[in-house]
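Listed below are the residues making up each chain.
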Amino acid sequence: FEILSVQGIEPTGLQFLDENSEERCFILLQWIQRLIMDSQANGVLSAPAPIISRVFQEFGQGIVNIQDAEKLTTVKFPFPFAQTL
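What counts and what doesn't
- Residues numbered from 1 in each chain as written.
- Predicted model: local features only at pLDDT ≥ 70, side-chain atom pairs only at ≥ 80, totals over all residues.
- Heavy atoms only, no water.
- Helix = DSSP H or I, 4+ residues; strand = E, 2+ residues; numbered from the N terminus.
- Buried < 20%, exposed > 50% of the residue type's maximum accessible area, 1.4 Å probe, protein only.
- Contact = heavy atoms within 4.5 Å.
- Salt bridge = Lys/Arg side-chain N within 4 Å of Asp/Glu carboxyl O.

**Side note on the environment of S39**
Here S39 lies in helix α2 (residues 24-42). Relative accessible area serves as the criterion here: at 23%, S39 is assigned to the partly exposed category. Leaving out residues up to four positions away in the same chain, S39 has contacts with V44 and L45.

**Focus: the pattern of salt bridges**
A side chain with one charge can pair with a side chain of the opposite charge if their charged atoms come near. What the rule picks out here adds up to two salt bridges. Measuring nitrogen to oxygen at the nearest pair gives 3.0 Å for the salt bridge that ties R54 to E58. Taken together, the positions of R54 and E58, both in helix α3 (residues 49-74) and four residues apart, correspond to about one turn of that helix. Residue R54 is classed as partly exposed on the basis of its relative accessible area of 48%. Between D68 and K71 there is a salt bridge, and its shortest N-O distance comes to 3.5 Å. Pair noted here: D68 and K71 are both in helix α3, with a separation of three residues, about one helical turn. Judged by its relative accessible area of 36%, D68 is partly exposed.

This is the structure in structure tokens:
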């Protein structure tokens, strides 16, 4: 897979990400979604609507998975079960 680098992000954008580290995934998702919509409106991205819709569905499912993973770090493991391990 191709890896995105920070060289394509403006310094003000990187600073904004540093200041809002708790919401970094949501900010990046919003930026990517906006780029997709702007590219489709400008004719740079010529994909049919069902394909674009599926892309947004996959992004949404990815964010749900990230939130589920964050729950594992915030919800404490029940004490009685921890004692049996």
